[in-house]
Every structure is written in structure tokens, then in C-alpha cells.
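Results of the structural survey
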Amino acid sequence: MTILDGKKISNQIKDEIATEVSRMKERGEKVPHLAAVIVGNDGASLTYVGSKVRACERVGFESTLIRLPNTTSEVELLKTIKDLNENDDIDGFIVQLPLPPQIDTQQVLMAIDADKDVDGFHPTNFGKMALDMSTFIPATPFGILELLDRYSVETKGKHTVVIGRSHIVGRPMSILMGRKGFPGNSTVTLTHSHTKNITQITSQADIIISALGVPNFLKAEMVKDDAVIIDVGISRVPDDTKEKGYCICGDVDFENVSKKASYITPVPGGVGPMTIAMLLKNTLLARERHRANNK
Ligand code: GUN
């Protein structure tokens, strides 16, 4: 069994990006600038956005964090997005999800300039992804592809089962794994809350990508020998033995499933760090395109 070490690979990617940023500086070019907008005080979202901003510093990007109160209206958030769209110094930006209930997420995502949409959530970019066109691929699915690629995990002709159909992970992942090319060329089954007999489906899978958010959902008896297991879950579970009062728990019963798997991602240290590295990669791409368009 091989651990797919997202922490190690994400550090390699960050080093590669940092080298590229140094070259940009040597050439006297502007470095990439990422902005992140967060609405409200959700602890997990604040932690994720904080990690994204720190990652920018680590590779030499500029970053801007915009914190808005939980009571922000949709109109106010749309004004912030308009300003970011029009700010030529910003190459790419993200609006951290989820948003408070008074705000329509889809309206917000559609307001982001597709050329600055480094999350790849705008319908234009999502559509391009589905059509195999060059675009920003959502960071978590992109990170999973990169992890499979760097460990040379075979995906061609394999049966990939995706658990969860969220717009951020499950849905794009199901499209990407079925695309022509590597990683891809899988036969994909997308499962969700209405799927009947999920164990029957997962136990036939060569590759399982679980993005459900239910701690320890995937048990050893749901997995066949030598399966590849990708765990996207990052639930906070109360734990008095931990200083923070909680532990981060994946969708997979790691202790037992790892005994059967050929490859498996740990939580933490698997998919999570890859998401941040790929957001940086998308921001670098946004900067390069921005520069090319301004020539
Ligand atoms: N919330 C959970 N994952 C993500 C992500 O990748 N991007 C944004 N913007 N919000 C998220």
C-alpha cells in the first residue's frame, strides 16, 4: 500500500511555482496577485482562506484578503466582485463558499470575470472544462488529478466511483475522470444521496473518490482489494483529547480501508494541501494570460 502524500507533492508544486515567480521578478515582471473574499466568521472557512493567503506568501505571490460581515447583502458582495473584476492589479480571485443564506451563490459565481475565476466555478469555465478546452480546473479535482499523475496511478479503463455530486468536487471530478487523456479514460459512476445499494457499486470500483463529508463513511467491506482510495472529506469531529477540541476526519475508515487499498490519501495531508497548491497554479496561469492579453 502506498500513501498518496499530498503534503509532500504540494510542497514540490509550491517550490516549482516559487522558482517561476523568482524568474518573473528577475525579468522585471509583475508577480501574480490573488484576492480572496470571505463573508462571515465560519471557523473552517477562515482557516482555509488563511491557508490560501499564507501559501501565496510562501511562493512570492501578492495576496489580498477581503473580510465582509455575515450580514453582507448580495448587492454589497456583487459590488465587491465588480471592483475586483475591474482592478487591473488583481490577476485572480475567489469567493470562499459557503455563503450566508441571504446571498444567492450562483448569482455571485456568475458575476466573477471568467478570466479571473481561478476556482473554475463560473459556468463558462465549467463548460470549457467539460468540453476539454483550456481553462481553470476547480482546485480540488485538479489536485486529485495531479496526485494521480505524479504517482503514475493508472486510470485508463478503470472503474472510478465518485461519491457525492457537489459542484466543487464530485460533479467536476466525474467529468474529468471520464475525459480522454491521462489522468482520465475511466468508466465513471457518480453516486449520491439517492443511490441505491452503494456498497454493491463501491465494491466494484478500481478507484473511489469520496467527497461526501460524512466521517468514516467508507468502510473496508465497501472496498475491493487493491482499490485506489481518494478521501476528500474534511469534517470537524469533537475530540476532547485535542487542543482545539476537534479532530479533522475524512470520509474513509483509514485504519481498516488502508489494509486493502493499493493507494490511499490520508486526512489530513492528502487532498487538502493539493487544493491549495492547485489554486496557486491557477493563479499563475491567470497572471500569464493577463500579461499576454495586455501585450
Ligand atoms: N469551499 C470549499 N472548497 C472551496 C473551494 O475550493 N473554493 C471556494 N471558493 N470555496 C470553497
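Anything mentioned here points back to the structure above.
Below you will find a few notes about this structure. (Residues numbered from 1 in each chain as written. Predicted model: local features only at pLDDT ≥ 70, side-chain atom pairs only at ≥ 80, totals over all residues. Heavy atoms only, no water.)

A closer look at the nonpolar core
- Among the nonpolar cores identified, the biggest contains 51 residues, and Ile17, Phe61, Ile144, Ile209, Ile230 and Val232 are the most heavily contacted of them.
- Not counting the four nearest positions on each side in its chain, Val232 is found in contact with Thr140, Ile144, Val169, Ile209, Ser210, Ala211 and Val271. (Core = buried A, V, L, I, M, F, W, Y, C linked by side-chain atoms within 4.5 Å. Buried < 20%, exposed > 50% of the residue type's maximum accessible area, 1.4 Å probe, protein only. Contact = heavy atoms within 4.5 Å.)

A look at the packing of helix α1 (residues 6–26) against helix α10 (residues 271–294)
- α10 packs onto α1 with a crossing angle of 20 degrees between their chain directions and a minimal axis gap of 8 Å. With respect to α10, the element α1 is oriented roughly parallel. Classified by chirality, the crossing of α10 by α1 is left-handed. Each of Gly6, Lys7, Ile9, Ser10, Ile13, Lys14, Ile17, Glu20 and Met24 in α1 lies in contact with α10, whose residues at this interface are Pro273, Met274, Ala277, Met278, Leu280, Lys281, Leu284, Arg287 and Glu288. (Axes fitted to C-alpha atoms, helices over the stretch in contact; angles between N-to-C directions. Helix = DSSP H or I, 4+ residues; strand = E, 2+ residues; numbered from the N terminus. Parallel < 35°, antiparallel > 145°, perpendicular 65-115°, else oblique. Left-handed = near helix turned anticlockwise from the far one by under 90°.)

Observations concerning the site of the ligand
- In the vicinity of the ligand, the contacting residues are Lys52, Val95, Gln96, Leu97, Asp119 and Phe121.
- Within the side chain of Gln96, an N or O atom sits 3.3 Å from a nitrogen atom of the ligand.
- At 2.6 Å, a side-chain N or O of Asp119 approaches a nitrogen atom of the ligand.
- Within the complex, 83% of the 280 Å² of free accessible area of the ligand lies under protein.
- One can see that the ligand is located within the largest pocket. (Near = heavy atom within 4 Å. Polar contact = N/O pair within 3.5 Å; in protein donor to acceptor, adjacent residues only side chain to side chain. Areas by Shrake-Rupley, 256 points an atom, 1.4 Å probe, with all protein chains shown as cover. 1 Å grid on protein atoms, 1.4 Å probe; cavity = no way out; pocket = protein on both sides within 12 Å on 5 of 7 lines; lining within 4 Å. Sits in = over half its atoms within 2 Å of the grid points.)

Structural notes on the state of the cysteines
- Scanning all chains against the criterion turns up 0 disulfides.
- For the unlinked cysteine Cys249, the closest cysteine sulfur is that of Cys247, found at 5.5 Å.
- Residue Cys249 is classed as buried on the basis of its relative accessible area, which comes to 15%. (Disulfide = S-S within 2.5 Å.)

Remember, this is a structural readout, not a statement about activity or role.
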